[in-house]
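Residue strings, one per chain:
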Amino acid sequence: MKKNKYILTAGALLALSGAVLSSCNDFLTEDPKGRLVTENFFQTENDLTLAVNALYYNVQTGQRHTNPFIVDWQGSDITSATGSNKGPYLSADAYEEPSDYKGVNDLWGMTYNIIQAANLIIDNADKCAASAQDINIGKGNAYFWRAYAYFRLVRVFGPLPVNIHNEPDNNSTPLTDVEGIYKLIVEDLDNAERCALPTTYEGLRKDGLGYVGEMNTWITEQAVKALQMAVYMNLAGYPLNKAEYMEKAADKGYEIYTGVQNGTYRHALLPNWNQVYSIADNFASEMIVGISYYDSPGTMGNAGVYTSQFPLCHRFSQFNGGWGDFAGERHFWADFPEGPRKRAVYDPVIRLYGGLTDYATGEPICVSWWATKDEQPYNASKKNAFVEVYHPMFSPFSINADSDGNALIQPYDCRMNTTTFQSYPQTHRTIRLAEVYCWFAEAAGRSGKHTAEATAALQQVMARAYDNAPAITDLAEQGYQEHGYEVAGYPLALCSKRSDEFRMNRMEQNWAYRHGSQDKIIVPKGTTTYSYKQEKYYEEGNPRPKYRNVAYTYELGYDLIMPENMEVAPSWNGENSIYQVYPPTETEKNPNIKR
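Parameters and conventions
- Residues numbered from 1 in each chain as written.
- Predicted model: local features only at pLDDT ≥ 70, side-chain atom pairs only at ≥ 80, totals over all residues.
- Heavy atoms only, no water.
- Helix = DSSP H or I, 4+ residues; strand = E, 2+ residues; numbered from the N terminus.
- Rg over C-alpha atoms; globule rule 2.2 N^0.38 Å.
- Buried < 20%, exposed > 50% of the residue type's maximum accessible area, 1.4 Å probe, protein only.
- pLDDT = per-residue confidence, 0-100.
- Contact = heavy atoms within 4.5 Å.
- Core = buried A, V, L, I, M, F, W, Y, C linked by side-chain atoms within 4.5 Å.
- Phe/Tyr/Trp six-rings, centres within 6.5 Å; stacked < 30°, edge-to-face > 60°.
- Lys NZ or Arg CZ within 6 Å of the ring centre and 35° of its normal.
- Axes fitted to C-alpha atoms, helices over the stretch in contact; angles between N-to-C directions.
- Parallel < 35°, antiparallel > 145°, perpendicular 65-115°, else oblique.
- Left-handed = near helix turned anticlockwise from the far one by under 90°.
- Salt bridge = Lys/Arg side-chain N within 4 Å of Asp/Glu carboxyl O.
- Polar contact = N/O pair within 3.5 Å; in protein donor to acceptor, adjacent residues only side chain to side chain.
- Expected span 1.5 Å × (residues − 1).
- Nonpolar A, V, L, I, M, F, W, Y, C, P; charged D, E, K, R; others polar.

Participant: Just to check I follow, could you spell out the overall build of the protein chain for this structure?
Facilitator: A tally of regular secondary structure across the protein chain gives 19 helices and 12 strands. Against the compact-globule benchmark of 25 Å for 595 residues, the protein chain has a radius of gyration of 25 Å, which places it among compact chains. Considered along the principal axes of its C-alpha atoms, the protein chain spans approximately 90 × 55 × 50 Å. Per-residue burial over the protein chain gives 59% buried out of 595 residues.

See below:
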C-alpha cells in the first residue's frame, strides 16, 4: 500500500502544479505565482519522493498509447492498415505530413511534460531536508529523464526550444540547433553520472521504491552509461557525423559489459527469446531501463495514472478485438532471420477465432498469414485471404487468456486464446541488455576498440536469437542489424528501428524500396503453408451432408511478390521527409518554431 500511496499522491502534486506541468509553451509563459507555489513545496524528504514520483507519472503517461510513437512507422519494420483513425500512422509510413497531428501533438506535449517535471527536481531538490544520497538520487533520475526527453525530441523534430528552469518567456524562445541540443543532453548525462547513482535499489529504500522483482524501476549507474552510449552513437551518426564519439560509445559498452561479467551490474540475458516480452518476466534483470506500471492501477478512461494501452495495438481487428495500429512490413519480415527470436517477435501462425477447431484434434485453427482459401495468389476482390490485412502480425504485446478471459502469467503462445484487455501493466522495455550488447558490437566494430569483448557480447545475443547462429564476419554491420531485429515491432525501445535508420541516414533507402518495383520475393514457392478447409461428410443413415473443419498444410505454388499497401510520397525531400513537422498549435504561439 505504501508504494501506491506515493504514486497516487504524486497526482496531487501534479494538480498543485497544474500550470507548470501542462505543455511546452504553457510552461514557457505561465504565471510565476504557480511556479512559486510548486517550488515552496520542496522542504522534506517526503516532498522529494513525491516529486520523483511525479516525474515517473509523466514518464509513464508519456508512453501509455501509440500516439507519441507514430513517427516510428517511418521505420522499415512497421506499417499500418487502413482505417478511420489510422491516417497519422499511414502518413508517417509514407514520409508525408499528416492531416491529423495527434502523433506530433502528443509526442511534443507529453515529452515536454517530462522535461518540466525534471526541471522542478533539478532546481529544487537541494532545498529539501533530505540525505545527500536521496538528493543525488532525485537529481540523478531527473537529469537522466530530461536527457532522455530531449534525445527523443531531437531525433524527431531537429532544432528545439529549450527551457531548463521552467522560466516564462512570452512565446519568444528561439530554437536551439541540433548540436546545441546534444550539448545539453551530454551535460545532463554527465551530471547524472556525478550523482553517483546506485547500481541497484534493492533494499536501499525503506519505502521499497526503485526496485521490483529483479528490475530497477529507477535509474541506476549503468542506465546512465547505456543512455550515454546511445547518445554518443547518435552524435557519431546523422546529422552531426562526429565520428570520434563512436569510440566513446565503445568505451561505455565495455564498462557495462565488464560490469555485468564481474557482477557489479546484476543483469543477464533471459535464457529464451519468448521470455523477452512475457508478462511472466515483467521485472526481469535483462532490463537496464524498464518503465514499470506495477504501481499504476488506473485503466483506460480513468482519471488516475494510466497503465499501458498496448495489448491490442498490434493485433489485427479481425482477431479478438485488436486495434490494428501497426502491422509487420512484409519485406522486413522476409529478411528477418529465422529462429526463436522471429518466432517470438511475430506470430508464426495466426489463430482464427469464432470457435474454429480441427475436428480430429480439437485444437484451434491456425493459419500462415499468407495462406489463401483457394491456395491461389491473394485477390482482394475475391476476399480469398484468411488474414484480411495480409501482413505478418507482431506479438510483443500479446497476452494469453484462460477460459474466463483472465491473463495467463506465462510466455505468449500464438495458438492460445488472447486477452481483450485495452490496458495492462506491462513493463515497457526501454533499454535491454541485449540492445546494449548490439550497440557495443557496432561501436567496437566502427572504432576498433574492445572488439574481442564486443564479439563475445554479440555472440551471446545471437546464440539466443538463432537456431544456428552465423559466424560474426562484420562486427559493426552485424551489431547494427542484430539490434534492428531485437527491437523490431517494438516502438517503445529507446532506439527503435526507425531511430537506427535515422542515425545511419538510411531512411531514404526505405523510401526508395517502397517507391520502386518492390519485386522482392516475400514467401518463396514451396514454403509450407498452414491452412484449413471445410470437409464434407455424411453420417450413417442421414443423406444430408455435414461439414467439419480440417487443419492441413500445403506447399505454396508460386513465389509471393507483393508491394506494401501504402504508397510512399512521390519524391524524397531530405530533412522534410525525415523530420516530423512541429505541432501547429506550437508554431502558432511561437513564430520562432519553424523549419
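Participant: Which parts of the structure should I look at to understand the confidence of the model for the protein chain?
Facilitator: Should pLDDT be low for a region, the predicted coordinates there are not to be read in detail. Across the protein chain, the average pLDDT comes to 91, with 91% of residues at or above 70. Note on residues 1-20: pLDDT under 50 across the span, and 44 contacts to partners over four residues away in sequence or across chains. Confidence drops under a pLDDT of 50 for residues 296-305, and excluding neighbours within four residues, the segment shows 23 contacts in the predicted structure.

Participant: Any chance you could explain the nonpolar core here in plain terms?
Facilitator: Note on soluble globular proteins: their nonpolar side chains tend to be buried together. Phe144, Trp145, Ile185, Trp369 and Leu560 are the most contacted members of the largest nonpolar core, which totals 162 residues. Sorting elements by how many residues they give to this core places helix α7 (residues 132-157) first, with 15 residues. Formed by five residues, the second largest nonpolar core is a distinct cluster that contains Val212, Leu270, Ala284 and Met287.

Participant: How should I be thinking about the packing of aromatic side chains in this particular structure?
Facilitator: How two aromatic rings sit relative to each other is set out by the distance from centre to centre and by the angle between their planes. Applying the stated criterion to the full structure yields 41 aromatic pairs. When the ring of Phe69 is compared with that of Phe310, the centres are 6.4 Å apart and the planes differ by 70°; the resulting orientation is edge-to-face. Separated by 241 residues along the polypeptide, Phe69 in the loop between α4 (45-61) and β1 (78-79) and Phe310 in the loop between β6 (287-291) and β7 (327-328) bring together distant segments of the chain. Centre to centre, the rings of Phe326 and Phe394 are 5.9 Å apart; their planes meet at 50°, and the pair counts as tilted. Of this pair, Phe326 sits in the loop between β6 and β7 while Phe394 sits in the loop between β9 (366-367) and β10 (428-432), placing them 68 residues apart in sequence. Both residues of the pair, Phe326 and Phe394, belong to the buried class. Taken together, the aromatic side chains of Trp73, Tyr89, Phe326, Phe332, Phe336, Tyr346, Phe394 and Tyr485 make up a single cluster linked through ring pairs. One cation-aromatic arrangement involves Arg155 over Phe151; the distance from NZ or CZ to the ring centre is 3.7 Å. Here Lys520 stacks its cationic end above the ring of Tyr513, 5.2 Å away from the centre of that ring.

Participant: Would you mind showing me how to read the packing of helix α8 (residues 178-194) against helix α9 (residues 221-236) here?
Facilitator: The description of two helices packed together rests on the angle between their axes and the distance between the axes. With their axes 10 Å apart at the nearest point, α8 and α9 run at an angle of 160° to one another. Classed by the angle they form, the pair α8 and α9 counts as roughly antiparallel. Our pair here, α8 against α9, has a crossing hand that is left-handed. When α8 is examined against α9, the residues Tyr182, Ile185, Val186, Leu189, Asp190, Ala192 and Glu193 are found in contact with a partner set consisting of Val224, Lys225, Leu227, Gln228, Val231, Tyr232, Asn234 and Leu235.

Participant: What's the story with the pattern of salt bridges in this structure? I'm lost.
Facilitator: If the charged atoms of two oppositely charged side chains come close together, the side chains can form a pair. The tally for this structure, following the rule as stated, stands at 35 salt bridges. As a salt-bridge pair, Asp134 and Arg205 come within 3.6 Å of each other at their nearest N and O atoms. With Asp134 in helix α7 and Arg205 in the loop between α8 and β4 (211-212), the pair connects residues that are 71 residues apart, well separated along the chain. With respect to burial, Asp134 and Arg205 carry one shared label: buried. One salt bridge in this structure joins Glu539 and Lys546, with 3.3 Å as the shortest N-O distance. Under the relative-accessibility criterion, Glu539 is labelled partly exposed at 35%. Of the residues examined, Lys546 reaches a relative accessible area of 33% and is grouped as partly exposed. One network of salt bridges, in which partners are shared, links Glu286, Arg341, Arg432, Arg464, Glu482 and Glu486.

Participant: Quick question: what am I supposed to make of the side chain of Asp207 here?
Facilitator: Along the chain, Asp207 turns up in the loop between α8 and β4. A distance of 2.9 Å separates a polar atom in the side chain of Asp207 from the backbone nitrogen of Leu209.

Participant: Any chance you could explain α7 here in plain terms?
Facilitator: The α-helix advances 3.6 residues per turn, and as a result positions three or four apart in sequence lie on the same side. Look at α7: 37 Å from first C-alpha to last across 26 residues, which is about the 38 Å you get at 1.5 Å a residue. A large share of α7 lies buried, amounting to 23 of its 26 residues. Looking at the residues trailing α7, positive phi occurs at Gly158, about 85°.

Participant: Would you mind showing me how to read unusual backbone geometry here?
Facilitator: Peptide bonds are mostly trans, and most non-glycine residues show a negative phi. Here Tyr238 and Pro239 are connected by a cis peptide whose omega angle stands at 5°. Note on placement: Pro239 falls in the loop between α9 and α10 (245-261). Unusually for a residue other than glycine, Asn241 sits at a positive phi of about 55°. Within the element layout of this structure, Asn241 appears in the loop between α9 and α10.

Participant: Got a minute to help me understand the side chain of Lys497 in this structure?
Facilitator: With respect to the helices, strands and loops of the structure, Lys497 is situated in helix α16 (residues 497-503). What Lys497 contacts, discounting residues up to four positions off in sequence, is Ser76, Asp77, Phe332, Tyr480, Gln481, Gly484 and Val487.

Participant: I tried to follow helix α15 (residues 475-486) on my own but got confused; where do I start?
Facilitator: Spanning 12 residues, α15 covers 16 Å between terminal C-alpha atoms, matching the ideal 16 Å at 1.5 Å per step. Burial analysis of α15 places 10 of its 12 residues in the buried class, which makes it a mostly covered element. Those residues of α15 not exposed but buried are Leu475, Ala476, Gln478, Gly479, Tyr480, Glu482, His483, Gly484, Tyr485 and Glu486. The inward-facing, buried residues of α15 contact α11 (330-335), α12 (340-345), β10, α13 (433-447), α14 (451-465) and α16.

Participant: How should I be thinking about the environment of Thr430 in this particular structure?
Facilitator: Among the secondary structure elements, Thr430 is positioned in strand β10. Between the C-alpha atom of Thr430 and that of Arg266, which follows or precedes it by 164 residues, the distance is 17 Å. The contacts of Thr430, once residues within four sequence positions are left out, are Tyr148, Val289, Gly290, Ile291, Glu435, Leu492, Ala493 and Leu494.

Participant: It is not clear to me how the packing of α9 against α13 should be interpreted in this structure. Could you clarify?
Facilitator: At their nearest, the axes of α9 and α13 sit 11 Å apart, and the two run at 40° to each other. Considering the angle they form, α9 stands oblique to α13. For the pair α9 and α13, the sense of crossing is left-handed. Each of Ala226, Met229, Ala230 and Met233 in α9 lies in contact with α13, whose residues at this interface are Val436, Trp439, Phe440, Glu442 and Ala443. Within the contact of α9 with α13, the residues separate by chemical class into eight nonpolar, no polar and one charged.

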